[in-house]
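# Per-entry structural report
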Amino acid sequence: MNVAGHGLLRPNRFSPTAFRPSRVPFGYIESILPFAEKLLISRIRERAPRRRGIAMGIGDDCAILQIPAGNQTLVTTDFSLEGVHFRREWHPPDAVGHRCLTRGLSDIAAMGGTPLAAFLSLALPQNLRQSWVDQFVKGLLTLADRLKVTLAGGDTAQSPGGVLADIVVVGSVPKGKAIRRSDARPGDGIYVTGTLGGAAAALKLLFSGRKLRTADFPRHFYPTPRIEVGRWLLEKGLVSAMIDLSDGLSTDLGHICEESGVGAEVQAEAVPCAEIGKPVRKVDLQFALHGGDDYELVFTAPRGKRVPSRVAGVDITRIGRITRNKQVILTNPEGTAVKFRPQGWEHFKPRT
Ligand SMILES: [Mg+2]
């Protein structure tokens, strides 16, 4: 199935009349699409409305996007792979769909951009239940509706292994105004949106064998990409550099410092730790410092810019400052300082 997109599997164009058996991407196995995919096609066609900026969506070889005059195009792509980014036994299918789209939208937010259209490529194992696919699409489209993003194309094929999803998001940003990682300067304040560590702390519980109610752990199962905050910060011209927190504060702040050729000093006690579970409790600082998948934003603002404590309903917290020497340092209230080393997000480590 090809959904007005890449044209790799043209016989399976995303139009019921053009629907034919899928070809496994490796070329030598032909098989009939599972029923789940047929349902997926009609469901997406039914539910994906066209919006401003999309001249042509699902149903042709390519989508045609109209980028607003005076804007540049942003494009980002992210995998969501079963066993790497999610597990079917841990994550309900609508949460997998939601998180899949969040990964792309969060990158658009990090540039201060406005998302226009999303493209989904999905490889599904043949034995996958129809209801799983249906719920996956529902989760993805519910978030798309909320943030007014059109699902304008994609592709499906049969997966020889687990569920493999790739999301491409196209967005726009006023020409020359995209917020980069590379423009932090010594003296800038460092800020984060929301609270950190909620997603990683929930993951730790899942690894320990706990069953979690999704409603008690929204930051893990249904993270909100900070599109509105990113756009507001761009419009007000407050920000020098920004990145989204997909890999964890230590890693992602490290990217800003590296790309900008600067260092940073972060005050451990200022880092806002997420609250999770029921009864609600604060996560350990280590999760807030290093845990990934929060999809909050970390940004820098030049000295003298007044950054509000709340933007678009989201708390903004100052956690430190950019320094001239290239070290990234974590200080604590006792006055000691340690290197704030990236302790990267390792997703789901293979288990031996
Ligand atoms: Mg990113």
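Here we summarise the structure given alongside this text. (Residues numbered from 1 in each chain as written. Predicted model: local features only at pLDDT ≥ 70, side-chain atom pairs only at ≥ 80, totals over all residues.)

Turning our eyes to something else, we now look at the overall build of the chain. Secondary structure summary: the chain contains eight helices and 17 strands in total. Expressed as a percentage of the 352 residues in the chain, the buried residues total 48%. Residue pairs at least 24 apart in sequence account for 82% of intrachain contacts in the chain once pairs closer than 6 positions are excluded. (Helix = DSSP H or I, 4+ residues; strand = E, 2+ residues; numbered from the N terminus. Buried ≥ 20, exposed ≤ 12 C-beta atoms within 10 Å, placed from the backbone. Contact = placed C-beta atoms within 7 Å.)

For an α-helix, the turn length of 3.6 residues means that residues three or four places apart are oriented alike. Among the residues of helix α6 (residues 227-236), Ile227, Val229, Gly230, Arg231, Leu233 and Leu234 are the ones counted as buried. Positive backbone phi, at 65°, marks Gly237, one or two positions downstream of α6.

Structurally, Thr214 is set in the loop between α4 (198-207) and α5 (218-221). Once the C-alpha coordinates of Thr214 and Trp90 are considered, the two residues, 124 residues apart in sequence, prove to be 9.9 Å apart. If near-sequence neighbours (up to four positions away) are discounted, Thr214 is found in contact with Pro92, Ala95 and Phe221.

All right, on to unusual backbone geometry then. Looking along the chain, the bond that leaves Lys278 and enters Pro279 is cis, with omega of -5°. With respect to the element layout, Pro279 can be found in the loop between β11 (275-276) and β12 (281-282). Even without being a glycine, Lys148 presents a positive backbone phi close to 60°. Along the chain, the position of Lys148 falls in the loop between α3 (130-146) and β6 (150-158). One non-glycine residue, Tyr295, lies in positive phi territory at about 60°.

Between helix α2 (residues 93-110) and α3, the shortest axis-to-axis distance is 6 Å and the interhelical angle comes to 40°. Between α2 and α3, the interaxial angle falls into the category oblique. Where α2 crosses over α3, the two elements pack in a sense that is right-handed. Of the residues in α3, those in contact with Pro93, Asp94, Ala95, Val96, Gly97, His98, Cys100, Leu101 and Thr102 of α2 are Trp132, Gln135, Phe136, Val137, Lys138, Gly139, Leu140, Leu143 and Ala144. (Axes fitted to C-alpha atoms, helices over the stretch in contact; angles between N-to-C directions. Parallel < 35°, antiparallel > 145°, perpendicular 65-115°, else oblique. Left-handed = near helix turned anticlockwise from the far one by under 90°.)

Checked against the element boundaries, Gly335 lands in the loop between β16 (328-331) and β17 (337-339). The exposure class assigned to Gly335 is exposed, which follows from the 6 C-beta atoms found within 10 Å.

The next subject is the pairing of β16. With burial as the criterion, only one face of β16 is covered, namely that bearing Val328 and Leu330; the residues Ile329 and Thr331 on the opposite face remain uncovered. In the sheet, strand β10 (residues 263-267) pairs with β16 via four bridges, with the strands oriented parallel. In the sheet register, Glu265 faces β16, and the bridge partner there is Ile329. (Pairing = 2+ DSSP bridges.)

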